Amino acid sequence: MLRFDDLQLFVRAADLGSLSAAARVMDLSPAVASAALKRIEQQLGARLLARSTRSLRLTAEGEGFLEYARAALGSLDEGRRLLASGQDHVSGVLQLSAPSDFGRNQLLPWLDDFQREHPQLNVRLLLGDRIADLFRQPVDIALRYGEPEDSSLVALPVAPNNVRVLCAAPSYLARHGEPRHLEQLAQHNCLLYRLGGRVHDHWVFHDGKRDISLTVSGNRFSDDADVVRRWAVAGVGIAYKSWLDVSTDVLAGRLRLVLPQLRGQATPLNLLCAHRTHLSKPINLLREMLVSRCAILTAQMPEPAGTDQ
């Protein structure tokens, strides 16, 4: 196979009428330039340049091949310019997977803003709480809570300070009373979430000194995290949710934090990809936007105000 740099040397030598001059322009030694010309002539099975001690001229074969060599180099340059143009402009298809609750209630309007800013970008969004198989499913990146189980994946932080919070609708608390201690959760309907065949009924908190955990129960569970949030807003129980998922509801008064003196389990949001080479310009710009938007929400998360445990 002909080498790109060998073609360049041949065209330069033909233009300059000197192999040594072409070598100087390309920052090559005379020996390397001579070997390159010999290599291309051997591969083509024809002599391209007739050389003497004082001059260099194209052979008939060289004159015929020169046109094609220029065309090949021109095509490669055009391809390079096309790639550079594609890197400067955000276009193409962005395929991502996101958790159901975060995807529907936070990510969707953010993606609308992102596409208005980059109208040539097409977005394909898959929502679901199961871990996306980035090697088999048609996605470039996945947004997921917690550290990835697959250590081969690249995980980039989006919301590293996100935590779970205990929350319920004001209507529920008005009917059933507001728990003042964790033990009182046993008297309440706790809304449960199931993932991978396991019901997440083991809730963990931190009171500023130690971790406290307990097993809860309730009459409803779902494998869709957004359903659990909707149940909580509807006033049918208490939920233990990611702050990012319920922040809008809490700030709007649809949900109220329960036992706010306790800090819930750390639940960082990460962007996952199979390899760093997959981090295209659209993905990097999207991550910058997500980091900025999530930082605004996590900054609005109330700080634990003491403890009465």
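The coordinates are above.
Thresholds, definitions, all that
Residues numbered from 1 in each chain as written. Predicted model: local features only at pLDDT ≥ 70, side-chain atom pairs only at ≥ 80, totals over all residues. Heavy atoms only, no water. Pairing = 2+ DSSP bridges. Helix = DSSP H or I, 4+ residues; strand = E, 2+ residues; numbered from the N terminus. Phe/Tyr/Trp six-rings, centres within 6.5 Å; stacked < 30°, edge-to-face > 60°. Buried < 20%, exposed > 50% of the residue type's maximum accessible area, 1.4 Å probe, protein only. Salt bridge = Lys/Arg side-chain N within 4 Å of Asp/Glu carboxyl O. Disulfide = S-S within 2.5 Å. Core = buried A, V, L, I, M, F, W, Y, C linked by side-chain atoms within 4.5 Å. Contact = heavy atoms within 4.5 Å.

To continue, consider the sheet that holds strand S15 (residues 263–264). Read across the open sheet, the three strands follow the order S11-S10-S15; overall the sheet is antiparallel. In the strand order of this sheet, the two ends are held by strand S11 (211–215) and S15, each with one partner. With two bridges joining them, strand S10 (residues 202–206) and S15 adopt antiparallel strand pairing. Bridge pairing in S15 places phenylalanine 205 opposite glycine 264.

In this structure, aspartate 27 is a non-glycine residue whose phi angle is positive, near 60°. Topologically, aspartate 27 is positioned in the loop between helix H2 (19–25) and helix H3 (30–44). Residues other than glycine seldom take positive phi values, yet leucine 259 does so here, at roughly 50°. Tracing the backbone through its elements, the reader meets leucine 259 in the loop between strand S14 (256–257) and S15.

This next bit is on the packing of aromatic side chains. When we look at a pair of aromatic rings, we describe it by the centre distance and by the angle of the planes. Scanning the model with the defined rule gives five aromatic pairs in all. On the basis of an interplanar angle of 80° and a centroid distance of 5.8 Å, the ring pair of phenylalanine 102 and tryptophan 110 is categorised as edge-to-face. With respect to class, phenylalanine 102 is no different from tryptophan 110; both count as buried. With 4.9 Å between their ring centres and 50° between their planes, phenylalanine 205 and tyrosine 240 make a pair best called tilted. Separated by 35 residues along the polypeptide, phenylalanine 205 in strand S10 and tyrosine 240 in strand S13 (residues 238–242) bring together distant segments of the chain. Of the two residues, phenylalanine 205 and tyrosine 240, both sit in the buried class.

Oppositely charged side chains are able to pair whenever their charged atoms sit close together. This model, assessed by the stated rule, comprises 17 salt bridges. Between aspartate 226 and arginine 104 there is a salt bridge, with the nearest N and O atoms lying 3.7 Å from each other. Taken together, the positions of aspartate 226 in helix H7 (residues 225–234) and arginine 104 in helix H5 (residues 100–117) put the pair 122 residues apart, joining distant regions of the chain. Notably, a salt bridge pairs arginine 210 with aspartate 207, separated by 2.7 Å at the nearest N-O pair. By relative accessible area, aspartate 207 is classed as buried at 8%.

Turning our attention to the sheet that holds strand S8 (residues 192–195). With respect to topology, three strands assemble into an open sheet ordered S9-S8-S12, the strand pairing being mixed. The open sheet terminates on both sides in strands that have one partner only, identified here as strand S9 (198–199) and strand S12 (221–222). As paired strands, S8 and S9 are joined by two bridges and run antiparallel to one another. Residue pairing in the sheet places leucine 195 in a bridge with arginine 198 of S9.

Here the focus is the state of the cysteines. This structure, assessed with the given rule, holds zero disulfides. Left without a disulfide partner, cysteine 190 is nearest to the cysteine sulfur of cysteine 167, which lies 11 Å away. The exposure class assigned to cysteine 190 is buried, which follows from its relative accessible area of 0%. With no disulfide of its own, cysteine 273 has cysteine 294 as its nearest cysteine by sulfur position, at a separation of 17 Å.

What follows deals with the pairing of S13. Across the five residues that make up S13, a large majority, five, are buried. Two elements, strand S7 (residues 164–168) and S13, share five bridges in a ladder whose sense is antiparallel. Its bridge partner being in S13, alanine 168 is matched across the sheet by isoleucine 238.

Attention shifts here to the nonpolar core. Counting residues in each nonpolar core, the largest one holds 44 residues, and the members touching the most others are Leu143 and Leu286. Per-element tally for this core: the top contributor is helix H9 (residues 281–299), with six residues. Discounting chain neighbours no more than four positions away, the residues touching leucine 143 are Leu96, Ser97, Ala98, Pro99, Phe102, Leu107, Val158, Leu269, Asn270, Leu271 and Leu290. The next biggest cluster of nonpolar side chains, apart from the first, holds 19 residues, and it includes Ala13, Ala23, Phe65 and Leu73.

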